Amino acid sequence: MAWISLIFAGIFEMVGVAMINKWHHDRKWQSLALLIGGFAASFLFLAYAMETLPMGTAYAIWTGIGASGGAIIGMLFYNESKDWRRILFIAMVLGSAVGLKLIS
C-alpha cells in the first residue's frame, strides 16, 4: 500500500506543478485551489508512504515522478521541446525510480 500511496503522491505533485503554470497564466481561483490541493494531497500521500518506506527511497521516487511528470506535461500541454535527448533523460529518471523499487 505504501508504494501505491507513493505513486499517488507523485501524481498529485504533477498536478501541483501543472497548476503553478496555469496559475501563472490565468490567475483564476480554481487554478490556485487545484495548486494548493495538489501539493497538499501530494504531501499527505508522501507522509503515509514514508511510514513504511525508507525516507531516501520515498523522496527519490516522489521527486522523480514529479519532475518527469512535470516535463511530460510541459511537452504535451505547453508546447515544450520534445527533443529525443530530453525524452531519453526523462526515461532515465523513471528507470532509476523503477530500479529503486526493485532493490527496496
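Being a predicted model, the structure only gives us computed values, none of them experimental.

## Digging into the packing of helix α1 (residues 2-26) against helix α2 (residues 29-49)
Put simply, α1 and α2 touch, their axes get as near as 7 Å, and they point 160° apart. The angle between α1 and α2 places the two elements in the roughly antiparallel class. Where α1 crosses over α2, the handedness of that crossing is left-handed. Tallied by class, residues from the contact of α1 with α2 come to 20 nonpolar, 5 polar and 3 charged.

## Here's the deal with the UniProt feature "transmembrane region" (unreviewed entry) in the protein chain
UniProt marks residues 6-24, 31-50, 56-78 and 87-103 with the feature "transmembrane region" (unreviewed entry), using the numbering shown here. Secondary structure over residues 6-24 splits into 100% helix and 0% strand, and the C-alpha atoms at its two ends are 27 Å apart. This span, residues 87-103, is 100% helix and 0% strand, and a straight line between its end C-alpha atoms measures 24 Å.

## Points about the packing of aromatic side chains
Following the criterion strictly, the structure yields 4 aromatic pairs and no others. On the numbers, 5.6 Å between centres and 5° between planes, the contact of Phe12 with Phe45 is stacked. Separated by 33 residues along the polypeptide, Phe12 in helix α1 and Phe45 in helix α2 bring together distant segments of the chain. Given a relative accessible area of 27%, Phe12 falls into the partly exposed group. By relative accessible area, Phe45 is classed as partly exposed at 30%.

## A look at a nonpolar patch on the surface
A contiguous nonpolar surface patch, about 670 Å² in accessible area, is contributed by Met1, Ile4, Ile7, Phe8, Ile11, Val15 and Tyr48. In terms of residue count, the dominant contributor to the nonpolar patch is α1 (5 residues). Along the polypeptide, Val15 turns up in helix α1.

Parameters and conventions
Residues numbered from 1 in each chain as written. Predicted model: local features only at pLDDT ≥ 70, side-chain atom pairs only at ≥ 80, totals over all residues. Heavy atoms only, no water. Axes fitted to C-alpha atoms, helices over the stretch in contact; angles between N-to-C directions. Helix = DSSP H or I, 4+ residues; strand = E, 2+ residues; numbered from the N terminus. Parallel < 35°, antiparallel > 145°, perpendicular 65-115°, else oblique. Left-handed = near helix turned anticlockwise from the far one by under 90°. Nonpolar A, V, L, I, M, F, W, Y, C, P; charged D, E, K, R; others polar. UniProt positions renumbered as here; feature names shortened; annotations may be inferred. Phe/Tyr/Trp six-rings, centres within 6.5 Å; stacked < 30°, edge-to-face > 60°. Buried < 20%, exposed > 50% of the residue type's maximum accessible area, 1.4 Å probe, protein only. Patch = residues over 30% accessible without salt bridge, like charges linked within 9 Å, V, L, I, M, F, W, Y side chains within 5 Å. Areas by Shrake-Rupley, 256 points an atom, 1.4 Å probe, with all protein chains shown as cover. Salt bridge = Lys/Arg side-chain N within 4 Å of Asp/Glu carboxyl O.

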